[in-house]
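# Survey of secondary and tertiary structure
Each chain, letter by letter, is given below.
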Protein chains: 2
Amino acid sequence: MDRKEKPMETHVVGIDIGGTKLATVVADSTGQLLSKVRKPTLAERGPEYALQLLFDMVRETIEQAGLEQRSISAIGVSCGGPLDTKTGIVYSPPNLPGWDALPLKAQLESEFQIPVTIENDANASALAEFRFGGGRGYKAVLYMTMSTGIGGGIVINGEIYHGANDSAGEVGHQILLPDGPLCGCGKRGCLEALCSGPAIALRAQDTIRKQLANGKASATRLLNLANNSIENVKSEHVLQAARTGDALALQLVQETAYYMGWGIANLVNILNPDIVLLGTIAIAAGDLLLNPIRKTVSELAMTRPAEAVKIAPAQLGDALGDLAAIALVV
Amino acid sequence: MDRKEKPMETHVVGIDIGGTKLATVVADSTGQLLSKVRKPTLAERGPEYALQLLFDMVRETIEQAGLEQRSISAIGVSCGGPLDTKTGIVYSPPNLPGWDALPLKAQLESEFQIPVTIENDANASALAEFRFGGGRGYKAVLYMTMSTGIGGGIVINGEIYHGANDSAGEVGHQILLPDGPLCGCGKRGCLEALCSGPAIALRAQDTIRKQLANGKASATRLLNLANNSIENVKSEHVLQAARTGDALALQLVQETAYYMGWGIANLVNILNPDIVLLGTIAIAAGDLLLNPIRKTVSELAMTRPAEAVKIAPAQLGDALGDLAAIALVV
């Protein structure tokens with residue numbers, strides 16, 4: 001950048017739009033955060049409410065950073081997909097009811113007269129891990145969320161791989177068991193329907209019910225952690241019990257690792273990534289989950305791509321959402 | 001290209017190395033073939049024999065084209081992998097015994113003093129389909145062989161996607177049935193172990209055996225085509241019988257289409273290609289196989305990437321091997 005033409009230090013705004021919270025941040029050109037505002041999305045109030053709130057939050061965040069709007073060079077937006085990165089239109093994300101063909105980019109550009117880049121959250125997170133986190137220095141990076149759902153983003157030579165219509169990287173919807181559990185997408189046996197947080201919880205609940213029906217007592221610890229209510233059992237309880245050596249929980253972790261490893265082995269054969277970075281649940285579980293995943297990948301993937309790949313927890317943690325939006329514009 | 005600096009029309013040599021035949025061609029800078037020489041590989045004689053033969057064939061092909069070696073600007077080599085495109089070393093392809101860590105690029109460059117580009121055959125074929133065939137004009141092209149094995153090549157924005165160590169695109173080794181039939185790669189239930197030519201033949205033979213054991217006569221037509229020997233039944237017989245409406249053969253085609261469709265649906269979700277081009281068996285079978293594949297993909301893939309993708313037979317047919325080598329250098 002030519003400092004004579006742009007004497008003022010430029011800054012960027014990042015907007016992270018989730019189903020439960022909105023966050024706006026201001027960062028300098030190196031990605032360093034200067035200010036942040038967080039508000040609940042109140043998704044049930046629809047997109048007009050959220051947009052008006054975002055407009056206010058952006059102004060507040062710029063002010064908090066001690067800046068004026070004219071020193072903001074770009075706005076990056078990380079939002080649930082599907083969306084079209086070229087037109088900037090958002091198409092009915094499952095967690096944002098009413099956001100149907102919403103021209104998000106156009107509305108933000110019209111409000112602030114600043115160029116806006118929008119990207120689905122998994123892709124933006126993958127780029128953030130490449131720019132600031134565990135993917136630095138690698139030419140083929142696969143990032144996989146592992147929380148409410150299993151999303152994915154592919155970064156090749158430092159750029160998000162979008163595919164034909166911004167739908168690439170739906171790694172959680174590769175089907176492993178066509179007769180398996182129903183997925184949120186309407187198909188059966190997707191990786192997401194086996195290994196997302198809610199999917200792990202459902203498998204745990206089913207196993208506990210079967211054990212109780214068979215008069216086995218080994219479900220006790222998991223049940224205790226969930227206040228003795230089967231419906232309360234969550235993936236967090238499974239990890240917690242597994243860490244204390246609970247046999248049933250360990251078996252559930254092994255099963256999760258097998259499905260994840262199988263899905264990742266397929267991805268390793270197809271994409272030959274340098275690194276696969278796994279989010280949320282994998283970060284919380286650490287090697288307890290990652291080691292059996294690595295073992296399964298080395299057993300099921302082809303030798304050459306298996307030798308090339310590292311499987312690691314994502315590194316940005318709680319900062320991921322903010323940096324995802326920022327990574328799009330710095 | 002500046003004609004003042006390069007007054008002479010440049011030509012290229014293409015080398016196609018297979019387990020049963022070697023082919024060398026000379027083409028002009030538009031990919032138009034001027035001459036071709038074909039010889040058996042005699043793979044059992046090892047790499048030294050094949051290399052010496054290739055050296056002679058290259059000279060013969062240049063001569064046949066009425067050219068001199070100094071008018072050849074580059075040599076492209078399409079060869080079974082695994083291989084390293086940067087170092088140009090070939091690592092023990094299954095169909096080329098003794099080609100262990102063979103410095104193919106270095107040996108050809110040393111012999112001819114011309115820059116050599118080597119590439120695995122599936123990737124080179126994908127590039128040829130992008131340059132000259134069914135992939136023209138698309139930014140995300142997936143080519144899948146469907147013959148002795150199921151290989152794949154991914155071309156993004158006109159360039160082969162190599163991944164971390166030239167192993168990307170092993171789409172035939174995504175595992176669909178971990179307890180399924182043994183694959184040549186040593187794992188079980190890979191797409192290749194279900195839908196390659198030999199895999200279709202094995203499934204046909206198994207089904208016939210079961211039908212005969214149950215006293216059913218419906219295996220008659222397939223058996224007749226194979227000279228009444230179960231071991232002789234090949235994928236070609238299945239297609240031939242299916243075309244005449246044979247119920248058993250049609251069932252085998254449906255089953256093949258289901259597995260192919262499942263595998264392609266996963267690839268569509270992951271790669272979001274504009275087009276998937278299918279080789280050999282899919283070309284021979286046409287819509288008999290392609291239509292049920294398309295139906296399965298539309299049922300199992302996510303809506304947006306499924307809407308974006310075309311599934312079509314590869315277009316270059318018998319010219320593919322020659323054009324694969326040429327596509328690397330024109």
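Residues numbered from 1 in each chain as written. Chains lettered and ligands numbered in written order. Predicted model: local features only at pLDDT ≥ 70, side-chain atom pairs only at ≥ 80, totals over all residues. Heavy atoms only, no water.

## Structural notes on the side chain of Thr61(B)
Residue and element names in this part refer to chain B. Residue placement: Thr61 occurs in helix H1 (residues 46-64). A distance of 2.5 Å separates the side chain of Thr61 from the backbone oxygen of Met57, its partner in a polar contact. Here Thr61 is in contact with Thr24, Val25, Val26, Ser35, Lys36 and Val37, once residues within four sequence places are set aside. (Helix = DSSP H or I, 4+ residues; strand = E, 2+ residues; numbered from the N terminus. Polar contact = N/O pair within 3.5 Å; in protein donor to acceptor, adjacent residues only side chain to side chain. Contact = heavy atoms within 4.5 Å.)

## Observations regarding the sheet that holds strand S11 (residues 275-278) of chain B
Residues and elements named next belong to chain B. Spatial ordering of the open sheet is given by S10-S9-S8-S11-S12, a layout of five strands whose pairing is mixed. Strands with a single pairing partner mark the edges of an open sheet, and in this sheet they are strand S10 (159-160) and strand S12 (310-313). Bridge analysis of strand S9 (residues 152-156) against S10 gives two bridges, and the strand direction is antiparallel. Bridging across to S10, Ile156 finds its partner in Glu159. Against the sheet, helix H8 (residues 247-271) contacts strand S8 (140-144), S9, S11 and S12, and its axis sits at roughly 155° relative to S8. (Pairing = 2+ DSSP bridges. Axes fitted to C-alpha atoms, helices over the stretch in contact; angles between N-to-C directions.)

## Observations regarding the sheet that holds strand S4 (residues 72-79) of chain B
All names here are of chain B. Reading across the sheet, the five strands line up as S3-S2-S1-S4-S7 and stay open at both edges, with mixed pairing between neighbours. Pairing within the sheet leaves two strands with one partner each, and these edge strands are strand S3 (33-40) and strand S7 (116-120). The mean angle between the axes of side-by-side strands here comes to 15°, regardless of whether they run parallel or antiparallel. Judged from the seven bridges that link them, strand S1 (residues 11-17) and strand S2 (residues 21-28) form a sheet pairing that is antiparallel. Across the sheet, residue Val13 finds its bridge partner in S2, namely Val26. In this fold helix H3 (residues 121-132) packs onto S4 and S7, with an angle of close to 105° to the strand it touches most, S7. Packing against the sheet, helix H12 (residues 320-327) makes contact with S1, S2, S3 and S4, and its axis sits at approximately 125° to S1.

## Thoughts on the confidence of the model for chain A
Residues at a pLDDT of 70 or more form 97% of chain A, whose mean pLDDT is 95. Two summary scores accompany this predicted model of the complex, namely pTM at 0.95 and ipTM at 0.95. (pLDDT = per-residue confidence, 0-100.)

## Some details on the interface of chain A and chain B
Counting residues at the interface gives 44 residues for chain A, matched by 44 residues for chain B. Approximately 3,600 Å² of surface area, both sides summed, lies buried where chain A meets chain B, with 56% of it carried by carbon and sulfur atoms. Counting across the chain A and chain B interface gives zero salt bridges. Where chain A touches chain B, the interface holds 28 residue pairs in polar contact (both at pLDDT 80 or more). Among the secondary structure elements, those contributing two or more residues to the side of chain A that touches chain B are strand S9 (152-156), helix H8 (247-271), helix H10 (287-300) and helix H11 (303-308) of chain A. At seven residues, H8(A) tops the list of elements feeding residues into the side of chain A that touches chain B. For the side of chain A that touches chain B, a count of residues per class yields 25 nonpolar, 11 polar and eight charged. (Buried area = accessible area lost by both parts, 1.4 Å probe. Salt bridge = Lys/Arg side-chain N within 4 Å of Asp/Glu carboxyl O. Nonpolar A, V, L, I, M, F, W, Y, C, P; charged D, E, K, R; others polar.)

## Focus: H10(A)
Residue and element names in this part refer to chain A. Compared with the 20 Å implied by 1.5 Å per residue over 14 residues, the 19 Å span of H10 between its first and last C-alpha is a close match. All of the buried residues in H10 are Leu289, Leu290, Pro292, Ile293, Thr296, Val297 and Leu300. Summarising the contacts, the buried residues of H10 are in contact with H8, strand S11 (275-278), helix H9 (280-285), H11 and strand S12 (310-313). (Expected span 1.5 Å × (residues − 1). Buried < 20%, exposed > 50% of the residue type's maximum accessible area, 1.4 Å probe, protein only.)

## Considering H3(B)
Residue and element names in this part refer to chain B. Here H3 spans 16 Å end to end across 12 residues, near enough to the 16 Å set by a 1.5 Å rise per residue. Of all 12 residues that make up H3, 10 are buried, and the element is covered over most of its length. Every buried residue of H3 is listed here: Ala122, Asn123, Ala124, Ser125, Ala126, Leu127, Ala128, Glu129, Phe130 and Phe132. Backbone nitrogen of Ala122 and a side-chain oxygen of the N-cap are separated by 2.9 Å at the start of H3; the cap is Asn120.

## Considerations on the nonpolar core
In terms of nonpolar packing, the biggest core is built from 118 residues, with Met144(A) and Met144(B) touching the most fellow members. Ignoring sequence-local partners within four residues, the contact set of Met144(B) consists of Ile150(B), Gly151(B), Gly152(B), Val171(B), Leu191(B), Met260(B), Ile264(B), Leu267(B), Val276(B), Leu277(B), Leu278(B) and Gly279(B). Ile17(A), Leu54(A), Met57(A) and Trp99(A) belong to the second largest nonpolar core, which has 30 residues in total. (Core = buried A, V, L, I, M, F, W, Y, C linked by side-chain atoms within 4.5 Å.)

## Observations regarding the pairing of strand S4 (residues 72-79) of chain A
Both faces of the sheet carry side chains from a regular strand, because those side chains alternate between them. Residue and element names in this part refer to chain A. Among the eight residues in S4, seven count as buried, and that is most of the element. Examined bridge by bridge, strand S1 (residues 11-17) and S4 share seven bridges and lie parallel to one another. The partner of His11 across the bridge, within S4, is Ile72. In the sheet, S4 pairs with strand S7 (residues 116-120) via five bridges, with the strands oriented parallel. Residue pairing in the sheet places Cys79 in a bridge with Asn120 of S7.

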